[in-house]
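Chain residues, written in single-letter form:
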Amino acid sequence: MQGDDAELTAAVRAAQEGDEAAFRGVYRAVHPRLLGYVRTLVQDADAEDVASEAWFQIARDLHRFSGDADRFRGWAARIARNRALDHLRARGRRPVSGGDESELTTMPDGADTADEALEALGTGRTMELISRLPRDQAEAVVLRVVVGLDAKSAAEVLGKRPGAVRTAAHRGLRRLAELLEGDGEPAAMDGTIPDQRWNQALGVTPRPARTLRGT
């Protein structure tokens, strides 16, 4: 278990025992990546509210959780996804389709953080590029690369098979590489993308890289 994961596991267990400081530590460690994921599902202006609803449920149901840091991230992501889908349904928008790769994400051009992303990234087009991906690819990429889930855990969040998640993540990364090349950002030789630009746009610090093959 990596050092950060061991610390998060210990913090989750302490929070389950009622340690408020430990829960704040869990929140600080997980929230930025969780918010980045929520932003792939709902309009950016609503993402903070949806994430707050997710954290309310996480705090309420924490005593029921069992597992380590990886399982906690997956559990939190499932809660966030369900709250995001509830949010979309309540507003009469079409919820995420589990296997329709033709359905695109809908990120607003006038998102609240657009100016911050522009300042951080120069051209500021990363969120726009992610919004062009089919929703299943956008979710798979963010869950794998940003949230840091393995294929099995991401599949549990999305209700898919691990192989389908691996395929969606690879396709999404390749497509982002193509889009970033068109945006003047060179792609790596292995077809992946420079993580810094789009992670900054999502407002997260990426977890250490883990291979997408066979995990």
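Above this text is the structure in question.
Residues numbered from 1 in each chain as written. Predicted model: local features only at pLDDT ≥ 70, side-chain atom pairs only at ≥ 80, totals over all residues. Heavy atoms only, no water.

Chemist: Help me get a handle on the environment of Gly36, residues and values and all.
Modeler: For Gly36, the location among the structural elements is in helix 2 (residues 20-38). Look at Gly36 and you get buried, because its relative accessible area is 0%. Put simply, Gly36 and Glu48 are twelve residues apart on the chain and 9.9 Å apart in space, counted from C-alpha to C-alpha. (Helix = DSSP H or I, 4+ residues; strand = E, 2+ residues; numbered from the N terminus. Buried < 20%, exposed > 50% of the residue type's maximum accessible area, 1.4 Å probe, protein only.)

Chemist: So, the environment of Arg175: which residues are in play, and what are the values?
Modeler: For Arg175, the position within the fold is in helix 9 (residues 162-182). Distance from Arg175 to Leu129, taken between C-alpha atoms, is 9.2 Å for residues 46 residues apart in sequence. Excluding residues that lie within four positions of it along the chain, Arg175 makes contacts with Leu133 and Gln137. In terms of polar contacts, Arg175 uses its side chain to reach the side chain of Glu178, at 3.0 Å. (Contact = heavy atoms within 4.5 Å. Polar contact = N/O pair within 3.5 Å; in protein donor to acceptor, adjacent residues only side chain to side chain.)

Chemist: Quick one: what's the story with the environment of Asp70, residue by residue and with numbers?
Modeler: With respect to the helices and strands, Asp70 occurs in helix 4 (residues 69-90). Within the structure, Asp70 has its side chain in polar contact with the side chain of Arg73 (distance 2.7 Å).

Chemist: Talk me through the nonpolar core; I want residue IDs and the actual numbers.
Modeler: Generally speaking, nonpolar side chains in soluble globular proteins are found buried as a group. Val26, Leu34, Tyr37, Val42, Ile58, Phe72 and Leu143 are the most contacted members of the largest nonpolar core, which totals 44 residues. Mapped onto this core, the elements with two or more residues apiece are helix 1 (3-16), helix 2, helix 3 (44-61), helix 4, helix 7 (135-147), helix 8 (151-158) and helix 9. Of all the elements, helix 4 adds the most residues to this core, at ten residues. Counting residues in hydrophobic clusters, the runner-up holds nine residues, among them Leu133, Ala138, Val145 and Leu173. (Core = buried A, V, L, I, M, F, W, Y, C linked by side-chain atoms within 4.5 Å.)

Chemist: Describe the packing of helix 4 against helix 8, naming the residues involved and giving the relevant values.
Modeler: At a minimum axis distance of 9 Å, the contact between helix 4 and helix 8 shows a crossing angle of 25°. Judged by the inter-axis angle, helix 4 sits roughly parallel to helix 8. Considering the relative orientation of helix 4 and helix 8, their crossing is right-handed. Only Glu156, Val157 and Leu158 of helix 8 make contact with helix 4, whose side of the interface consists of Gly74, Ala77, Arg78 and Arg81. Its residues placed into classes, the contact of helix 4 with helix 8 shows three nonpolar, one polar and three charged. (Axes fitted to C-alpha atoms, helices over the stretch in contact; angles between N-to-C directions. Parallel < 35°, antiparallel > 145°, perpendicular 65-115°, else oblique. Left-handed = near helix turned anticlockwise from the far one by under 90°. Nonpolar A, V, L, I, M, F, W, Y, C, P; charged D, E, K, R; others polar.)

Chemist: Tell me about the packing of helix 2 against helix 7, and please be specific about residues and values.
Modeler: Interhelical geometry of helix 2 versus helix 7 gives an angle of 170° and a closest axis separation of 10 Å. Comparing the axis directions of helix 2 and helix 7 gives the class roughly antiparallel. Counting all contacts with helix 2, which are made through Arg33, Gly36 and Tyr37, the residues of helix 7 involved are Glu139, Val142, Leu143, Val146 and Val147. Residues belonging to the contact of helix 2 with helix 7 are distributed by class as follows: five nonpolar, one polar and two charged.

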